[in-house]
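Here is what each chain is made of, one letter per residue.
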Amino acid sequence: MSAASSSSSTGPVYVTRQAHFNAAHRLHNPAKSAKWNRETFGPCNNPKWHGHNYVIEITVAGETDPDTGYVIDLGDLKTVLEDRVLKHVDHRNLNEEVRWLRGVIPSAENLAIAFWRRLESHLPVGRLHRVRLFETPRNFVDYYGPAGNAGAT
Ligand SMILES: [Zn+2]
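This one's a predicted model, so the numbers in the text were calculated from it and none came from an experiment.

*Asks:* Sorry if this is basic, but what is going on with the overall build of the protein chain here?
*Replies:* Regarding its fold elements, the protein chain presents four helices and five strands. Put simply, the protein chain runs from its N terminus to its C terminus through helices and strands in the order α-β-α-β-α-β-α-β-β. Residue burial in the protein chain is summarised as follows: out of 153 residues, 20% are buried.

*Asks:* For this particular structure, what's the right way to read the nonpolar core?
*Replies:* Within soluble globular proteins, side chains that are nonpolar generally end up buried alongside one another. Ranked by internal contacts, the top residues of the largest apolar core, which has 25 residues, are I58, A112, F115, W116, L119, V131 and L133. Ignoring anything within four residues of it in the chain, the contact list for A112 reads V131, L133, V141 and Y143.

*Asks:* Looking at this structure, I do not really get the pairing of strand β2 (residues 50-62). What am I missing?
*Replies:* It is a general feature of regular strands that their side chains alternate between the two faces of the sheet. Where strand β1 (residues 13-25) lies against β2, 13 bridges are found, and the strand directions are antiparallel. Paired with A24 across the two strands is G51, which belongs to β2. Direction of pairing for β2 relative to strand β4 (residues 128-134): antiparallel, over a ladder of six bridges. Looking at the pairing, V55 lines up with F134 of β4.

Here is what the cut-offs are and how they apply
- Residues numbered from 1 in each chain as written.
- Predicted model: local features only at pLDDT ≥ 70, side-chain atom pairs only at ≥ 80, totals over all residues.
- Helix = DSSP H or I, 4+ residues; strand = E, 2+ residues; numbered from the N terminus.
- Buried ≥ 20, exposed ≤ 12 C-beta atoms within 10 Å, placed from the backbone.
- Core = buried A, V, L, I, M, F, W, Y, C linked by C-beta atoms within 7 Å.
- Contact = placed C-beta atoms within 7 Å.
- Pairing = 2+ DSSP bridges.

By themselves these figures say nothing about function.
Printed below as a string of structure tokens:
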């Protein structure tokens, strides 16, 4: 980093990459009765599976690099998202085919947490700001990591 970066701090800029994937799942808690599962999860408890057209957005926060004007190279962000998440979940059964989701009820909330864990270790330290996951165009969840520090860098 050059001296310019510390003398002309602008505060963080938030950079987001959006991607789509399709996947099947079933929300089912095996510790609970069939009736409880039906009543709790409704159509998402269908034993014959169903799918969603998911949209994921990952946001990285940071100061711009004076040499590039970038917070992060969006090409790098795209590659990390594809390698760590998308190629594992796209056109998959999330309950049965994804090793790192074994034993997880694949709610949008739990998926966002799992995706965060997959991504954070492959991005510059402290830079991952938010994982947003749309399960439908109107329903989405946001996860800001274990510290929950929305707004912080
Ligand atoms: Zn569902």
